[in-house]
Amino acid sequence: MGFRQRTIMAGELSSQHIGERVVLSGWVDSNRDLGGLLFFDLRDRTGKSQCVVQPTDETALLYEIARKLRSEFVVNVEGVVRKRENPNPKIPTGEIEVVVEELMVLNESEVPPFEVKEDTTASEDLRLKYRYLDLRRPSLQKNLAMRHRIMQTIRRYYDTRGFFEIETPVLMKATPEGARDFLVPSRLHPGSFYALPQSPQIYKQVLMIAGFDRYFQIARCFRDENLRADRQPEFTQLDVEMSFPNEAMVYDVMEGCLAEVWKSVGLTLPSPFLQLSYHEAMSRFGSDKPDLRYGLEIQTLTEMIRGKTEFKVFTDVLEKRQGVIGAVVAPGGAEWSRKQIDTLTDLAKVYGAGGLVWIKVTPEGYESSAKKHLSEDLLSDIKTVCGAREGDLILVASHPKWERAYTILGALRSELAKRLGLLEGKQFEFAPAWITNMPMFEEDEDTATFTFKHHPFTAPDTQDWHRRSEGLGDVRARAYDIVINGYELGSGSIRIHDRKMQEEVFDLLGLTREEQLEKFGFILDAFKYGAPPHGGMALGIDRIVMLCSGTDNIRDVIAFPKTASMQGLMDNSPSPVEEKQLKELRLEVKLDKSVEKPE
Ligand code: ASP
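Residues numbered from 1 in each chain as written. Predicted model: local features only at pLDDT ≥ 70, side-chain atom pairs only at ≥ 80, totals over all residues. Heavy atoms only, no water.

## Some remarks on the sheet that holds strand 17 (residues 432–436)
Strand order in the open sheet formed by 8 strands is 6-9-10-22-21-20-17-11, with mixed pairing between adjacent strands. The outermost strands of the open sheet, each flanked by one partner alone, are strand 6 (164–165) and strand 11 (274–277). Two elements, strand 11 and strand 17, share 4 bridges in a ladder whose sense is parallel. Bridging across to strand 17, leucine 276 finds its partner in isoleucine 435. Relative to the sheet, helix 7 (residues 278–285) contacts strand 11 and strand 17, its axis offset from that of strand 11 by approximately 90 degrees. Contacts from helix 16 (residues 541–549) reach strand 9 (214–222), strand 10 (234–243), strand 20 (479–484), strand 21 (487–494) and strand 22 (534–540) within the one sheet, and its direction differs from that of strand 21 by about 140 degrees. (Pairing = 2+ DSSP bridges. Helix = DSSP H or I, 4+ residues; strand = E, 2+ residues; numbered from the N terminus. Contact = heavy atoms within 4.5 Å. Axes fitted to C-alpha atoms, helices over the stretch in contact; angles between N-to-C directions.)

Below you can see the structure in the form of structure tokens.
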């Protein structure tokens, strides 16, 4: 006998259904025997409803089946909805229950390795191994439902604005985006490899050259990097490209999309986004992805201190062209113990500071780690510039390189925010910003060579480009990032569309003309045949879902994520392959012991 067709979902039942006959299908969430009455909660992806089996002469058979129910059994229930005697205000269906008249067990379940409940204490590894059980938990069901909603919103948004969704290859030629490629050996071309895309960057540019004008794709990207809490080796990007754009047009279309996305899941994203140049973001917040939900802005003291002290720590920095002295204020921090301040000094050192100067503003005057070297007048000026008040602690850091100095101060700023609890209750408050005028190149301090900051297809600021001979470090790019709450949500740029300029950028990055042709010949060629000006951006969808769902674990928003050591615990990937497969590829596995195994 087949089972009855479901008439409603378990989470949708409410007092408005009282008296109705319903059919539910789902899993037994929990069951209990209350002196004759048997209760079980039936769960599906919308929630759960209480079902009750009363022992009567007619229900004897039913009762027998119900008595044998266990958690995670799959059941089909028909019954009548009634008001509960003891309502449970904690769950949406808490006012009603279903009096069971028919019950079918569609499948049994062994005792699961952990209980499927929201506040499970099972380790993440165990949950990843039995991911299908873990995914039955309401929060993960909710996150993936939200992910679906977000994807649909994105697709509708771009479709209505004339963007075509076009797929690009997953097996492609290795092209650099700054990370390591995943490689796939070719059977028909033994010894040759495809790379999995780090992003569809080059293809989307080629699509613009091909005249598609506006493109988007929800694309899977692959980067073989060591993982962090908010990274995965394969991740999903919303990839966008437009022909004939300027920055304002890209900002408008991306901001509009994010506003719609936030709205579609019941949240609000303030718009228009703040725009901060890279320099301003660094010098005010000490990061190119600042969390703007709180203040604690950095104050630059460099010029104010110049000539007012012999303190070597400061004078050494002041001698350097790029040297910066700056401060952050911890409101109420004057009370902190020596030990509490020492941990801040240690943190500053981790970020590259030689040390940290602290100043306490107390009712009795200033206390400071550098009191000997700083006059009362100077301490007073620092206090004024920093806007510090009695009871506050001022932390002063310095470094001969400006970005490093601000990075140290930025790390202190975030630590202070944590200590002071400034983010409490702000999980669903969002502070988005554009970070603009990014540097074009990044210097490797050890080798004094330059590499690209964004990717090598990014157009330089025209005026800076004319002055490039004065120093590559000062050339800014027409690149931009969106940051929200301390996360970089994505980046983009206006691209180079001129072959000569592209070649010159490759030259500056140290690629010989032969290497350029070998790696990028096809796009350099394409530039010869009428490439329109173009530009775009990509946003991390996993991160968007993380922000909207309020989790800081990227694995909570991906159905089948990898662990931090890049393993799929459910399917046991990666794994060795059969000899036969290797033979077909004409490959032999011989591990080179001289190369260190990565951590
Ligand atoms: N391809 C770039 C990235 O993945 C984004 C872009 O420039 O559009 O970061």
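Past the structure itself, the notes keep going.
## Points about the pairing of strand 9
Of all 9 residues that make up strand 9, 7 are buried, and the element is covered over most of its length. Pairing of strand 6 with strand 9 involves 2 bridges; the strand directions are parallel. Counted as the bridge partner of glutamate 165 is phenylalanine 216 from strand 9. As paired elements, strand 9 and strand 10 share 9 bridges and run antiparallel to each other. Following the sheet pairing, arginine 214 is matched in strand 10 by methionine 242. (Buried < 20%, exposed > 50% of the residue type's maximum accessible area, 1.4 Å probe, protein only.)

## Looking at the nonpolar core
Core analysis: the largest hydrophobic core is formed by 47 residues, its most contacted members being Leu344, Leu393, Leu395, Leu412 and Leu416. Counting residues per element, the ones that place at least two in this core are helix 7, strand 13 (324–330), helix 10 (338–350), strand 16 (393–399), helix 12 (402–419), strand 17 and strand 20. Counting residues per element, this core draws most heavily on helix 12, which supplies 8 residues. Those residues within four positions of leucine 393 in sequence are excluded, and the remaining contacts are Val328, Val329, Ala330, Gly333, Ala334, Trp336, Ile341, Leu344, Trp358, Ile359 and Lys360. (Core = buried A, V, L, I, M, F, W, Y, C linked by side-chain atoms within 4.5 Å.)

## Describing the packing of helix 7 against helix 12
Between helix 7 and helix 12, the shortest axis-to-axis distance is 7 Å and the interhelical angle comes to 50 degrees. Here helix 7 lies oblique to helix 12, going by the angle between them. Residues Tyr278, His279, Met282, Ser283 and Phe285 of helix 7 lie in contact with helix 12, whose contacting residues are Trp402, Glu403, Tyr406, Thr407, Gly410 and Arg413. Split by residue class, the contact of helix 7 with helix 12 holds 5 nonpolar, 4 polar and 2 charged. (Parallel < 35°, antiparallel > 145°, perpendicular 65-115°, else oblique. Nonpolar A, V, L, I, M, F, W, Y, C, P; charged D, E, K, R; others polar.)

## Re unusual backbone geometry
The omega angle of the peptide bond from serine 271 to proline 272 is 0 degrees, so this bond is cis rather than trans. By the element assignment, proline 272 lies in the loop between helix 6 (247–264) and strand 11. One non-glycine residue, leucine 296, adopts positive backbone phi at about 45 degrees. Examined against the element boundaries, leucine 296 turns out to sit in the loop between helix 7 and strand 12 (299–300). Residue classification places leucine 296 among the buried positions, given a relative accessible area of 16%. Of note in this structure, asparagine 572 is not a glycine but carries a positive phi near 60 degrees. By the secondary structure assignment, asparagine 572 is in the loop between helix 16 and helix 17 (579–584).

## Thoughts on the packing of aromatic side chains
Applying the stated rule across the entire model yields 17 aromatic pairs. Residues tyrosine 158 and phenylalanine 216 carry aromatic rings whose centres are separated by 5.3 Å and whose planes lie at 25 degrees to one another, so their mutual orientation is stacked. Of this pair, tyrosine 158 sits in helix 4 (residues 138–160) while phenylalanine 216 sits in strand 9, and the two are 58 residues apart along the sequence. On the accessibility criterion, tyrosine 158 (0% relative accessible area) is buried. Between the aromatic rings of tryptophan 402 and tyrosine 406, the centroid separation amounts to 6.2 Å while the plane-to-plane angle is 70 degrees, which identifies the pairing as edge-to-face. Of this pair, tryptophan 402 and tyrosine 406 both sit in helix 12, 4 residues apart, which is roughly one turn of that helix. Here the two residues tryptophan 402 and tyrosine 406 agree in accessibility, since each one is buried. Ring-pair connections join several aromatic residues into one group, and the members of that group are Tyr157, Tyr158, Phe163 and Phe216. For the cation-ring pair, lysine 360 lies above tryptophan 358, with the distance from its terminal atom to the ring centre recorded as 5.6 Å. (Phe/Tyr/Trp six-rings, centres within 6.5 Å; stacked < 30°, edge-to-face > 60°. Lys NZ or Arg CZ within 6 Å of the ring centre and 35° of its normal.)

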